[in-house]
Amino acid sequence: MTPVEAQIRAPVDRETRAWDTQDVELLISCFHPAMVWPWPPTPQSHDPMTWVMVLGRFDYERWKRSWQELFDAHALVHNRREIRKIVVSREGDGAFAVVDIDTLWRHTQTGVEQNWKGRTCKVYTQVGTQWKMIAQTGALEY
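Read on for a plain summary of the structure. The model shown is predicted, which means the values in this text are computed figures rather than measured ones. (Residues numbered from 1 in each chain as written. Predicted model: local features only at pLDDT ≥ 70, side-chain atom pairs only at ≥ 80, totals over all residues. Heavy atoms only, no water.)

**Remarks on the overall build of the chain**
A tally of regular secondary structure across the chain gives three helices and six strands. Taken from the N to the C terminus, the helices and strands of the chain come in the order α-α-β-β-α-β-β-β-β. In terms of overall size, the chain behaves like a compact globule, its C-alpha atoms giving a radius of gyration of 15 Å where 142 residues would be expected to give roughly 14 Å. The principal-axis extent of the C-alpha atoms belonging to the chain is close to 50 × 30 × 25 Å. Expressed as a percentage of its 142 residues, the buried residues of the chain come to 37%. For the chain, the share of sequence-separated contacts (at least 6 apart) that also reach a separation of at least 24 residues comes to 55%. Accessible surface, the chain: about 7800 Å² in total, of which carbon and sulfur atoms supply 53%. (Helix = DSSP H or I, 4+ residues; strand = E, 2+ residues; numbered from the N terminus. Rg over C-alpha atoms; globule rule 2.2 N^0.38 Å. Buried < 20%, exposed > 50% of the residue type's maximum accessible area, 1.4 Å probe, protein only. Contact = heavy atoms within 4.5 Å. Areas by Shrake-Rupley, 256 points an atom, 1.4 Å probe, with all protein chains shown as cover.)

**Notes on the pairing of strand β3 (residues 74-88)**
Note that β3 and strand β4 (residues 94-107) share 13 bridges and pair antiparallel. By the bridge assignment for β4, Arg-80 is matched with Asp-102. Connecting the antiparallel pair β3 and β4 is a turn made up of five residues, with Gly-92 showing a positive phi of about 75°. (Pairing = 2+ DSSP bridges.)

**Here's the deal with the environment of Val-98**
The residue Val-98 is located in strand β4 in this model. Here Val-98 falls in the buried class, since its relative accessible area comes to 14%. Those residues in contact with Val-98 that lie beyond four places of it in its chain are Glu-82, Ile-83, Arg-84, Lys-85, Arg-119 and Thr-120.

**Points about the packing of aromatic side chains**
Taken as a whole and judged by the stated rule, the model has 15 aromatic pairs. Seen from their ring centres, Trp-19 and Phe-71 are 5.9 Å apart, and the 85° between their planes marks the pair as edge-to-face. Of this pair, Trp-19 sits in helix α1 (residues 3-21) while Phe-71 sits in helix α3 (residues 60-73); the two residues are 52 residues apart in sequence, bridging distant segments of the chain. Given the relative accessible area of 1%, Trp-19 is considered buried. (Phe/Tyr/Trp six-rings, centres within 6.5 Å; stacked < 30°, edge-to-face > 60°.)

**Points about the sheet that holds strand β6 (residues 130-136)**
Ordered by their spatial adjacency, four strands build an open sheet running β3-β4-β5-β6, and the pairing between neighbours is antiparallel. Looking along the sheet, the strands with just one partner apiece sit at the ends: β3 and β6. Recorded for the sheet is a direction-independent mean angle of 30° between the axes of neighbouring strands. Of the strand pairs in this sheet, strand β5 (residues 113-127) and β6 are connected by six bridges, and their pairing is antiparallel. Paired with Gln-126 across the strands is Trp-131, a residue of β6. In this fold α1 packs onto β3, β4, β5 and β6, with an angle of close to 170° to the strand it touches most, β3. (Axes fitted to C-alpha atoms, helices over the stretch in contact; angles between N-to-C directions.)

Treat this as a map of the structure, not an account of what it does.
As structure tokens, this is what we get:
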């Protein structure tokens, strides 16, 4: 693993810790201010014509409130994540990480489960000395 690949692993691991601990501040720290959050309705929805826009352009308060609502209403059953590949741009200022995820939430009142399972592509850009997630594909099964 190159030093830059290790730098990309760090924000992936930070995001994983945020989900594991349901730490909304840590989660929010992962995102670039220009990020938006599209998501496929199912893990089989490879055609982006069917995707939905979960969260528009990053807004600290709105995104914090949205993720805190998820954390407040759900118990994390498990959060399994494996980095499969890291690719860094030739210039060293952009990268993506392919991450297989299996994150299972259970609603604390209804018991209904929500499973985020599949392969994601997390896209990062360098902001000063930090790497921030600027885009992500939703969890898709391949």
